[in-house]
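A closer look at the structure
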Amino acid sequence: MKATGIVRRIDDLGRVVIPKEIRRTMRIREGDPLEIFTDREGTVILKKYSPIYELGSFAHEYTEALHRNLEHIACICDKDAFVAYSGVASKSFKDKKISPELDKIIQEKKTVVANADQGDVLYILTQDESPPSRYNAQVITPIVNMGDPVGAIILLSREPGVIMGDVEVLISETTAGFLVGHLGQ
């Protein structure tokens, strides 16, 4: 654990305020679920809870099936990082945080399609990614659980001339709905 030097008191209702600097750094927003852990030494740990991350190997199997059948790169992310991906080298998305652009799309809860061959500007997906010129087409569909955005399904293509359209949108939206059905309520 890393000490922050910040001390907060618990109020009469048992609440403690997480400082703004920590919430900003950890991307914790109002309404975000936090998981509480304790250990034998009396340490209390708060961890952001990600229902998408809890899908783990199931999410990976799903991206494998999407990649195998569509021949597109397939990714699943939560509101912070990439959880599963197939059809691309693991260094592209492994342990990568999502970009502010992708976060905005997830928060807006609307599917977006971008095709470079039609003059669309493609979205940057990871925080450390330079312009996404290595992709030629994208479909990004937010995963929305009980009205709250929890992640996204992303289909990508590097192939020249590939245009993402209604079929990819339908598949990504169906996938998002299917994953919502597997999230713990």
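Higher on the page you've got the structure.
Summarised in this report is the structure supplied together with it. (Residues numbered from 1 in each chain as written. Predicted model: local features only at pLDDT ≥ 70, side-chain atom pairs only at ≥ 80, totals over all residues. Heavy atoms only, no water.)

**What to know about the overall build of the protein**
A count of helices and strands for the protein gives four helices and seven strands. Written out in order from the N terminus, the α and β elements of the protein read α-β-β-α-β-β-α-β-β-β-α. Seen through its principal axes, the protein has C-alpha atoms that stretch 60 × 35 × 30 Å. Within the span of the protein, comprising 185 residues, buried residues form 41% of the whole. Summed over all atoms, the accessible surface of the protein reaches about 11300 Å², with 53% contributed by carbon and sulfur. Counting 23 positive and 27 negative side-chain charges, the protein places the averaged centre of each group 7 Å from the other. (Helix = DSSP H or I, 4+ residues; strand = E, 2+ residues; numbered from the N terminus. Buried < 20%, exposed > 50% of the residue type's maximum accessible area, 1.4 Å probe, protein only. Areas by Shrake-Rupley, 256 points an atom, 1.4 Å probe, with all protein chains shown as cover. Lys, Arg positive; Asp, Glu negative; His and termini not counted. Charge placed at Lys NZ, Arg CZ, Asp CG, Glu CD.)

**A closer look at the packing of aromatic side chains**
Describing an aromatic ring pair means giving the distance of the ring centres and the angle of the ring planes. As enumerated under the stated definition, the model contains five aromatic pairs in all. For the pair Phe58 and Tyr62, a centre-to-centre distance of 6.2 Å together with 55° between the ring planes defines the contact as tilted. Taken together, the residues Phe58 and Tyr62, both in helix H2 (residues 51–70) and four residues apart, mark about one turn of the helix. In this structure Phe58 comes out as partly exposed when scored by relative accessible area, which is 27%. Plain terms: the ring middles of Tyr62 and Phe178 are 5.3 Å apart, the flat faces sit at 35° to each other, and that makes the pair tilted. One end of the pair, Tyr62, is in helix H2; the other, Phe178, is in helix H4 (residues 166–181), and 116 residues separate them in sequence. Taken together, the ring pairs connect Phe58, Tyr62 and Phe178 into an aromatic cluster. (Phe/Tyr/Trp six-rings, centres within 6.5 Å; stacked < 30°, edge-to-face > 60°.)

**Focus: the nonpolar core**
Grouped together as the largest cluster of nonpolar side chains are 20 residues, with contacts concentrated most on Phe82, Phe93, Leu102 and Ile154. Every element with two or more residues in this core is listed here: strand S3 (73–78), strand S4 (82–86), helix H3 (100–108), strand S5 (112–115) and strand S7 (148–157). With sequence-adjacent residues up to four places away left out, Phe93 is seen in contact with Cys75, Phe82, Tyr85, Val88, Leu125, Thr126, Tyr135 and Leu156. Counting residues in hydrophobic clusters, the runner-up holds 13 residues, among them Ile76, Ile143, Ala176 and Leu183. (Core = buried A, V, L, I, M, F, W, Y, C linked by side-chain atoms within 4.5 Å. Contact = heavy atoms within 4.5 Å.)

**Here we look at unusual backbone geometry**
A positive phi angle, near 60°, is found at Lys109, a position not held by glycine. Relative to the elements of secondary structure, Lys109 occurs in the loop between H3 and S5. On the accessibility criterion, Lys109 (40% relative accessible area) is partly exposed. Its identity as a non-glycine residue notwithstanding, Met146 has a phi of 55°, on the positive side. Along the chain, Met146 falls in the loop between strand S6 (137–145) and S7.

**As for the pattern of salt bridges**
Applying the stated rule across the entire model yields four salt bridges. We note a salt bridge from Asp11 to Arg15, for which the minimum N-O separation is 2.8 Å. Put simply, Asp103 and Arg29 hold a salt bridge, and the shortest N to O gap is 2.4 Å. Here Asp103 is found in helix H3, whereas its partner Arg29 is found in the loop between helix H1 (20–25) and strand S1 (34–38), with 74 residues between them in sequence. We classify Asp103 as buried; its relative accessible area is 10%. You can call Arg29 partly exposed: its relative accessible area is 30%. (Salt bridge = Lys/Arg side-chain N within 4 Å of Asp/Glu carboxyl O.)

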